[in-house]
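Summary of structural features
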Amino acid sequence: MDGYDFHTVSLSISRLAVFYGEHRETISTSITLTLLFRPVGAIIFGLAGDLYGRKWPMIANLVLIALLQLLTAYCNTFRDFLVVRAIFGIGMGGIWGNAASMGLENMPVDSRGFFSGILQQGYALGYLIAAVFNLFVVPASPHSFKSLFYIGAGLTLAVAIARLFFPESKQFLEQRERARQNPELQVSGTQKVKAFQKDLKKILKAHWKLCLYACVLMALFNSMSHTSQDLYPTYMQQTKGFTPEMASKATIIAKTGAIVGGAFAGYYSQFFGRRATIMVATMCGAALIPLWILPSSFGSLVAGSFLIQFCVQGAWGVIPIHLNELAPPQFRASFPGITYQVGNMISSPMAQIGSVISESWHIQVWIEDDDGGHWETRPDYARTMAAMMSVIFVFTCVWTACGSEAKGTRFELARVAGEEDIQDAKLKDVDNEEAGEDGGKGEVQFREAAPKA
């Protein structure tokens, strides 16, 4: 649902520009703000997921997103719209870390690559659902683009309700069972938080280089996806001259390629490795850029878009399992989620940069009309997107090669964050008590032995 909710704006940029009386590049500021605030949500809900469990932080997160989607539809001024979409970024930022950590820990080790691809393409599926509604519902609805936000609010709330009927993460259920069987491991909420903080500081000190590497990797990945996706409907309308309905059809076909590519690459990463799969996908994507932007016919353009998204989301399909394997096992909601969203924050200006550059470059487009047709000056999104994606593909491939991987890690066997510190503290208290008792006995024996001497 986060994929659906996020792309309701990118699919509606042209309509939003008319509604608020702003330029398209100004409307794209809302996408930038959403991306900028996502790390805040990743920190809040990710740490909550590692401290209290995945279930209830995720439910609260989904309810917040549903509320913000509804509020978006009622924004009558552009200023209100920007404020709500910025807060929406906080809500959206918390979903991915908890969803990826809980989803993958319940999968067989040998199948995690494949399920990683399926999990990640839930984002593409959300885009696909939004595009279908944009194509068939929005044109016939009296609410126009607002109907996308109404539908999104309802669907997200339905997912939150459904989540109530599924159990907590196995990792946390086992931790609670251990505490039940060993009363000495039961601690107050304050003690639990202190142990969690202590564990977190140790992890940051030991793995800060890994954190930086993952943040840069995610900045490149998010640049790759947002540059190829967020402005694609606008590119098809403004540069290629297609109607919003045709642009939505192209988006649907592209997202089908994304879903297939994510599952395909995720599956083969189980054999070839995480990094090798990403590197092959990015290089194939770079080679396909001409097919993506040079044709004029609808069929050729959507074929290029299908293949580009197959490669982009093929690389992305490996990311959930790759980050979960690299992450400290007790922080698999926060580490992947925060690095992912920090990368999103770094890449947040990409859509706006692309829009501003494209609006300053122009191309002549033939527009058919009742008189036969005429030439019209349009913004050149094709040249901008081709240049940006070429650089991003190459940089992503090189940076991936510089990293490491931990394919096959059994992270589901790890203890909950802070649990080992609590256990060590309890053992230390027991040792101190025993030492005190032994010391006392020793002192009595000495006093009793002294007179005999």
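**Quick notes on the layout of surface pockets**
The computed volume of the largest pocket comes to approximately 850 Å³. Lining of the largest pocket is provided by 28 residues; of these, M58, I95, A99, L119 and V159 occupy positions nearest its centre. Of all elements in the fold, only α1 (2–10), α5 (55–73), α7 (95–105), α8 (112–136) and α9 (146–163) reach the threshold of two or more residues within the lining of the largest pocket. Ranked by residue count, the leading element in the lining of the largest pocket is α8, at nine residues. Per-class residue counts for the lining of the largest pocket are 21 nonpolar, five polar and two charged.

**Description of empty space enclosed by the protein**
The tally for this structure, following the rule as stated, stands at two cavities of 30 Å³ or more. What lines the largest cavity is simply R38, Q120, Y123, N222, S225, H226, Q313, W316, Y340 and N344. Where the lining of the largest cavity is concerned, the elements lending two or more residues are α8, α11 (189–229), α16 (298–326) and α17 (334–347). Counting residues per element, the lining of the largest cavity draws most heavily on α11, at three residues. Taken as a whole, the second largest cavity spans an internal volume of roughly 40 Å³. Elements supplying a minimum of two residues to the lining of the second largest cavity: α11, α13 (244–272) and α16.

**Observations concerning the confidence of the model for the protein chain**
For the protein chain, the average pLDDT comes to 82, and 89% of its residues sit at 70 or higher. Overall, residues 442–453 carries pLDDT values under 50, and its contacts beyond four positions in sequence, including any with other chains, amount to zero contacts.

**Comments concerning the pattern of salt bridges**
Think of it this way: side chains of opposite charge can pair up when their charged atoms draw near. The full count for this structure, using the stated rule, is six salt bridges. Salt-bridge contacts for R54 lead to D50; the nearest nitrogen and oxygen are separated by 2.8 Å. Since its relative accessible area comes to 0%, R54 is described here as buried. Notably, a salt bridge pairs R275 with E405, separated by 3.5 Å at the nearest N-O pair. With R275 in helix α14 (residues 274–287) and E405 in the loop between α19 (381–402) and α20 (419–452), this residue pair connects regions lying 130 residues apart in the sequence. The class of R275 is partly exposed, set by a relative accessible area of 24%. For E405, a relative accessible area of 30% puts it in the partly exposed group. Overlapping salt bridges, with partners in common, bring together D50, R54, E105 and R332 in one network.

**Focus on the packing of aromatic side chains**
Under the definition given, this model contains 24 aromatic pairs. Aromatic side chains Y4 and F133 sit 6.3 Å apart centroid to centroid with 80 degrees between the ring planes, which places their arrangement in the edge-to-face category. With Y4 in helix α1 and F133 in helix α8, this residue pair connects regions lying 129 residues apart in the sequence. Plain terms: the ring middles of Y267 and Y268 are 5.1 Å apart, the flat faces sit at 85 degrees to each other, and that makes the pair edge-to-face. Taking the relative accessible area as the measure of exposure, Y268 reaches 32% and is therefore partly exposed. Put simply, the rings of F114, F115, F264, Y267, Y268, F271, F272 and F310 touch in pairs and so form one group of aromatic residues. Here the guanidinium or amino end of R383 rests over the ring plane of W361, the centre of that ring lying 4.1 Å away.

**A look at the nonpolar core**
M218, F221, M224, Y235, M236, W316 and I319 are the most contacted members of the largest nonpolar core, which has 69 residues in total. For this core, the element with the most residues is α16, which contributes 10 residues. Excluding its chain neighbours within four sequence positions, the residues that come into contact with W316 are Q120, M218, F221, N222, M224, S225 and Y340.

**Focus on the side chain of S223**
Mapping S223 onto the fold places it in helix α11. In terms of polar contacts, S223 uses its side chain to reach the backbone carbonyl oxygen of A219, at 2.7 Å. In contact with S223, not counting residues within four places along its chain, are S347, M350 and I392.

**Here we look at α13**
An ideal rise of 1.5 Å per residue puts 42 Å on 29 residues; α13 measures up with 40 Å between its terminal C-alpha atoms. Just beyond α13, the residue with positive phi is G273, at close to 100 degrees.

**Overview of a nonpolar patch on the surface**
Judged by side-chain polarity, W56, V63, L157, I161, L164, F165 and F166 come together as a nonpolar surface patch covering roughly 740 Å² of accessible area. Mapped by element, the contributors of at least two residues to the nonpolar patch are α5 and α9. Summarising the element assignment, L164 is placed in the loop between α9 and α10 (170–181). Accessibility expressed as a relative area gives 36% for L164, which makes it partly exposed.

**Describing the state of the cysteines**
Counted according to the given criterion, the structure contains zero disulfides. Unpaired in terms of disulfides, C215 finds its nearest cysteine sulfur in C211, a separation of 6.6 Å. Residue class for C215 comes out buried when judged on its relative accessible area of 14%. As a non-bridged cysteine, C402 has C397 as the owner of its nearest cysteine sulfur, 9.6 Å distant. The exposed category is assigned to C402, whose relative accessible area is 57%.

What counts, and where the lines are drawn
- Residues numbered from 1 in each chain as written.
- Predicted model: local features only at pLDDT ≥ 70, side-chain atom pairs only at ≥ 80, totals over all residues.
- Heavy atoms only, no water.
- 1 Å grid on protein atoms, 1.4 Å probe; cavity = no way out; pocket = protein on both sides within 12 Å on 5 of 7 lines; lining within 4 Å.
- Points joined across faces, edges and corners; volume = space filled by probe spheres on them.
- Helix = DSSP H or I, 4+ residues; strand = E, 2+ residues; numbered from the N terminus.
- Nonpolar A, V, L, I, M, F, W, Y, C, P; charged D, E, K, R; others polar.
- pLDDT = per-residue confidence, 0-100.
- Contact = heavy atoms within 4.5 Å.
- Salt bridge = Lys/Arg side-chain N within 4 Å of Asp/Glu carboxyl O.
- Buried < 20%, exposed > 50% of the residue type's maximum accessible area, 1.4 Å probe, protein only.
- Phe/Tyr/Trp six-rings, centres within 6.5 Å; stacked < 30°, edge-to-face > 60°.
- Lys NZ or Arg CZ within 6 Å of the ring centre and 35° of its normal.
- Core = buried A, V, L, I, M, F, W, Y, C linked by side-chain atoms within 4.5 Å.
- Polar contact = N/O pair within 3.5 Å; in protein donor to acceptor, adjacent residues only side chain to side chain.
- Expected span 1.5 Å × (residues − 1).
- Patch = residues over 30% accessible without salt bridge, like charges linked within 9 Å, V, L, I, M, F, W, Y side chains within 5 Å.
- Areas by Shrake-Rupley, 256 points an atom, 1.4 Å probe, with all protein chains shown as cover.
- Disulfide = S-S within 2.5 Å.

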